[in-house]
Amino acid sequence: MSKTISILGSTGSIGTQALEVAEKHGFRIAGLAAHSSVELLEQQARKFRPEFVCVCNEEKFPELKSRLADTSINLLCGNEGLSKIASLEQNDIVLNSVVGMVGLVPTLAAIEAGKDVALANKETLVAGGNLVMSRAAEKGVNIYPVDSEHSAIFQCLQGNKRSQLSKIILTASGGPFFKKSYDELRSVTKADALKHPNWSMGSKITIDSATLMNKGLEFIEAKWLFDLEPEQIEIVVHRQSVVHSAVEYNDYSVIAQLGVPDMKIPIQYALLYPDRFECPTKRLSLTDYGTLTFEKPDYETFKCLSAAIEAVSRGGAYPCLVNSANEEAVRAFLADEISFIEIGEIVSSVLDKFEYFDICSVDDVMKADKLAREYVTERIASAR
Ligand code: MN3
């Protein structure tokens, strides 16, 4: 069962939990890559002894070299380093858990090298869904979802006929501002937005959970991963994050996957698929919860969510444009340049700002990314 894996984004929330899973199951680690946390990267490298280690932020490369000077580990930097680790011959599977658009090219590199991908980088499918899924099909590469909702759907599809699926039910925690009115959202602070009720995650995704953009991005990912029409995806707010998602078949039988809200379960399923072994987490006790609730999301108040769904319905570059605009808006919000509700205003304004164009290559993705970021930066600068 011992697999060889590489982890892109090894010092982040998903990466560190994946290493816990890897340690428990005795995986070999071929490569580790991090954005800039070289101190933790050094500790991981000394513990797991990968052949390759990469820091993406090139300014941190001299420090990485001096920290690991006494080892024989091959040291890499930048985006080329990420793609190199993604395509290592020894990889059985590559976990891509980097944050942001920078994750797209290494996913494609792994696919080109014929390596299965455990995918936690949202931008890969949001921005490059058609490119990635068509190339993966051509190369016979499997894309295993790591996100809890997509893992749940993937698990519910096992042993059933894909052609008999009628729809999926994507659950959403609702974030810290569920039930708040648009007016109430005007005064929420960064500290309020960074408090998530159920999941502990990085700051970008925590803000995305507060705006519900995270669910919008997951909607887009689900469309690509499971080859669905937008009409086949229903979003349901489920505050307890115990039902991780569900699928409905033609006979109206609905199958859901449940578990405690701990990312180690979906991470382990992606890495060990199709096997299941004891996971380093708690077991679910339904009677401890007692009540599970399900409600409709508020699409009017949470403009990011409706903008993301509209973007994927329109197709072309729109999903990429809203995603990049959101990244810039979240960056500005975390830098105290804009208010919370402005994130949604900016993201939805992208739909009116740009004409339709297609995404046929990575260059097209980069073009859309640049256009959206420039637009948001100018809009924020001119409003100040
Ligand atoms: Mn999720």
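Thresholds applied
- Residues numbered from 1 in each chain as written.
- Predicted model: local features only at pLDDT ≥ 70, side-chain atom pairs only at ≥ 80, totals over all residues.
- Heavy atoms only, no water.
- Pairing = 2+ DSSP bridges.
- Helix = DSSP H or I, 4+ residues; strand = E, 2+ residues; numbered from the N terminus.
- Axes fitted to C-alpha atoms, helices over the stretch in contact; angles between N-to-C directions.
- Parallel < 35°, antiparallel > 145°, perpendicular 65-115°, else oblique.
- Contact = heavy atoms within 4.5 Å.
- Nonpolar A, V, L, I, M, F, W, Y, C, P; charged D, E, K, R; others polar.
- Phe/Tyr/Trp six-rings, centres within 6.5 Å; stacked < 30°, edge-to-face > 60°.
- Buried < 20%, exposed > 50% of the residue type's maximum accessible area, 1.4 Å probe, protein only.
- Lys NZ or Arg CZ within 6 Å of the ring centre and 35° of its normal.
- 1 Å grid on protein atoms, 1.4 Å probe; cavity = no way out; pocket = protein on both sides within 12 Å on 5 of 7 lines; lining within 4 Å.
- Points joined across faces, edges and corners; volume = space filled by probe spheres on them.
- Donors = N, O, S within 2.8 Å, 3.2 Å for Na, K, Ca; no water.
- Domains from an automatic or database assignment.
- Buried area = accessible area lost by both parts, 1.4 Å probe.
- Salt bridge = Lys/Arg side-chain N within 4 Å of Asp/Glu carboxyl O.

A few words on the sheet that holds strand S3 (residues 52-55). Strands sit in the order S4-S3-S2-S1-S5-S6-S7 across an open sheet of seven strands; the sheet is parallel. Looking at strand neighbours, the two that pair on one side only are strand S4 (74-77) and strand S7 (143-145), the edges of this open sheet. Each strand axis lies, on average, 20 degrees off the axis of its neighbour in the sheet, ignoring direction. Two elements, strand S5 (residues 93-96) and strand S6 (residues 116-119), share four bridges in a ladder whose sense is parallel. Of the residues in S6, the one forming a bridge with Ile93 is Asp116.

What follows concerns the packing of helix H10 (residues 203-211) against helix H15 (residues 318-334). It is at 10 Å that the axes of H10 and H15 come closest, and there the two elements cross at 100 degrees. Compared by their axis directions, H10 and H15 come out roughly perpendicular. Along the contact surface, H10 presents Ser203, Lys204, Ile207 and Asp208, while H15 presents Asn326, Glu327, Val330, Phe333 and Leu334. When grouped by side-chain class, the residues that make up the contact of H10 with H15 number four nonpolar, two polar and three charged.

Here the focus is the packing of aromatic side chains. The final tally for this structure, using the stated rule, is nine aromatic pairs. Ring geometry for Phe154 against Tyr273: centres 5.0 Å apart, planes inclined by 45 degrees, an arrangement best described as tilted. Pair noted here: Phe154 is in helix H7 (residues 148-157) and Tyr273 is in the loop between helix H12 (264-272) and helix H13 (286-289), with a separation of 119 residues, a long-range link. According to the relative accessible area criterion, Phe154 is buried, its value standing at 15%. On the basis of relative accessibility, which here comes to 22%, the residue Tyr273 falls in the partly exposed class. Taken together, Tyr144, Phe154, Tyr269 and Tyr273 form an aromatic cluster joined through their ring pairs. When the ring centre of Trp224 is taken as origin, the NZ or CZ atom of Lys223, which lies over that ring, is 4.8 Å away. The ring of Tyr318 has Arg314 lying over it, and the distance from NZ or CZ to the ring centre is 4.9 Å.

Turning next to empty space enclosed by the protein. Within this structure, the stated rule accounts for three cavities of 30 Å³ or more. Here the largest cavity is characterised by a volume of approximately 80 Å³. Together, Tyr182, Leu185, Thr211, Thr301, Phe302, Lys303, Cys304, Phe340, Ile341, Ile343 and Gly344 line the largest cavity. Among the secondary structure elements, those contributing two or more residues to the lining of the largest cavity are helix H8 (182-185), helix H14 (303-314) and helix H16 (340-353). Partitioning the lining of the largest cavity into residue classes produces seven nonpolar, three polar and one charged. Reported here for the second largest cavity is a volume of approximately 50 Å³. In terms of lining residues, the second largest cavity is bounded by 12 residues, among which Ser148, His244, Gln257, Ile265 and Pro266 are the most central. Tallied by class, residues from the lining of the second largest cavity come to five nonpolar, six polar and one charged.

What follows covers unusual backbone geometry. For the peptide bond that leads from Tyr273 to Pro274, omega is 5 degrees, which places it in the cis range. With respect to the helices and strands, Pro274 occurs in the loop between H12 and H13. One non-glycine residue, Tyr252, lies in the positive phi region at around 70 degrees. Topologically, Tyr252 is positioned in the loop between strand S10 (243-249) and strand S11 (254-258). Classification of Tyr252 by relative accessible area gives exposed; the value is 65%. Despite not being glycine, Asp336 shows a phi value in the positive range, around 60 degrees.

On to the coordination of the manganese ion. Looking at the manganese ion, the protein donor atoms are Asp147 (OD), Glu149 (OE) and Glu218 (OE), and they sit 2.1 to 2.3 Å from it. Donor residues for the manganese ion, ordered by position in the chain, follow D-x1-E-x68-E. Across the pair, Glu149 and Asp147 agree in class, each one buried.

If you check the domain split of the protein, you get domain 1 (4-145) and domain 2 (150-383). Centre-to-centre, using C-alpha coordinates, domain 1 lies 23 Å away from domain 2. Contacts between domain 1 and domain 2 engage 32 residues on the former and 41 residues on the latter. In this assembly, domain 1 packs against domain 2 so that about 3,000 Å² is buried in total across both faces, 73% of it on carbon and sulfur atoms. Of all residues in domain 1, Lys122, Val126 and Pro145 bury the most surface against domain 2, accounting for 23% of the area lost on that side. Linking domain 1 to domain 2 there are three salt bridges. Taking the shortest distance from any N to any O, the salt bridge between Lys122 and Glu218 comes out at 3.4 Å.

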